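Summary of structural features
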Amino acid sequence: MIPEVFERYREMCTAVAAAAADCGRDPATVRLLPVSKTVGAAVIRELYDCGLWEFGENRIAVLSAKAAELPPDIVWHFIGPLQSNKVRKVVRLAAVIHSVDNPELLERIDRIAAEENRTPRLLFEINISGEASKGGCTPAAAAELVRLAAVCRHVIPTGLMTMAPLDAAPDEQLKIFSGLRELRDRLSAEANLELPELSMGMSRDFPAAIAAGATIVRIGSNIFQ
């Protein structure tokens, strides 16, 4: 019997593919990342047994507990704020870190990755909207991060991430997400550095993110009800 959570995942895959097709994109260019932060290891295991192996978590203590219970080949994405004293734990567990937002944090990740013999993929969190409650560096500060990443030896700079305000209207969502894509394109050209990933869009706003060029949409509540 197919678990209900997997049925909801498949429904979301269909919705994501439809959103991509609606704006003339190949659905294969958009990945759905299940954000499992609200559920326990048993639910993640149901999805793993159905063939999924990538999940997003936003708290290192919770990620550590779940990782200890689940198969070691799961690819964890760390999507929450990252404090410097938690970097080593995150580097040990997460293959992808979506929330790098300052040079000091980047340098610490690079140093610890060397010590741990790891090469995490990094996305730089940018506060495109300027909302005070949102994390991330300013667009103006992003250039320094990308320049520094280009010379780091133990991380793989992969792209940018952002979030839109909860109450943003669809046209504002599209403006914010398009701003991240335009910033990525400019920074990539200036640094001569490939930054293929745009992690943007969640359960409430993924259609606008996909229309603006998202390659990763982070879906939680629409799957894990």
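Owing to the predicted nature of the structure, the values given are computational and were not obtained by experimental measurement. (Residues numbered from 1 in each chain as written. Predicted model: local features only at pLDDT ≥ 70, side-chain atom pairs only at ≥ 80, totals over all residues. Heavy atoms only, no water.)

One finds Leu 106, Ile 109, Phe 124 and Val 217 to be the most contacted residues of the largest nonpolar core, which totals 68 residues. Tallying contributions element by element places helix H1 (residues 4–22) first for this core, with seven residues. (Core = buried A, V, L, I, M, F, W, Y, C linked by side-chain atoms within 4.5 Å. Buried < 20%, exposed > 50% of the residue type's maximum accessible area, 1.4 Å probe, protein only. Helix = DSSP H or I, 4+ residues; strand = E, 2+ residues; numbered from the N terminus.)

Bringing helix H7 (residues 170–191) into the picture now. Owing to its 3.6 residues per turn, the α-helix brings residues three or four apart onto one side. Taking 1.5 Å as the rise per residue, H7 with 22 residues should run 32 Å; its terminal C-alpha atoms sit 32 Å apart, in good agreement. When H7 is considered as a whole, its buried residues turn out to be Gln 173, Ile 176, Phe 177, Ser 178, Leu 180, Leu 183, Arg 184, Leu 187 and Ser 188. Buried residues belonging to H7 abut helix H6 (139–149), strand S6 (156–161), strand S7 (197–199) and helix H8 (206–212). Backbone geometry just after H7 places Asn 192 at a positive phi near 50°. (Expected span 1.5 Å × (residues − 1). Contact = heavy atoms within 4.5 Å.)

Right, let's get into the pairing of strand S4 (residues 94–100). Regular strands show a simple pattern: their side chains alternate between the two faces of the sheet. Buried residues dominate S4, accounting for six of its seven residues. Pairing between strand S3 (residues 75–78) and S4: three bridges, direction parallel. The residue bridging Trp 76 from the neighbouring strand is Ala 94, located in S4. Handedness of the β-α-β unit built from S3, helix H4 (residues 87–93) and S4 comes out right-handed. As paired strands, S4 and strand S5 (residues 121–125) are joined by three bridges and run parallel to one another. For Val 96, the partnering residue across the bridge sits in S5 and is Arg 121. Read as a crossover between parallel neighbours, the route from S4 over helix H5 (residues 103–116) to S5 is right-handed. (Pairing = 2+ DSSP bridges. Right-handed = clockwise from strand over helix to strand, strands pointing away.)

Counted according to the given criterion, the structure contains two aromatic pairs. Ring centres of Phe 55 and Trp 76 lie 6.2 Å apart, and the angle between their planes is 45°; on these two criteria the pair is classed as tilted. A residue pair is termed long-range when its members are at least 10 positions apart, and Phe 55 in strand S2 (residues 54–57) and Trp 76 in strand S3 qualify at 21 residues. (Phe/Tyr/Trp six-rings, centres within 6.5 Å; stacked < 30°, edge-to-face > 60°.)

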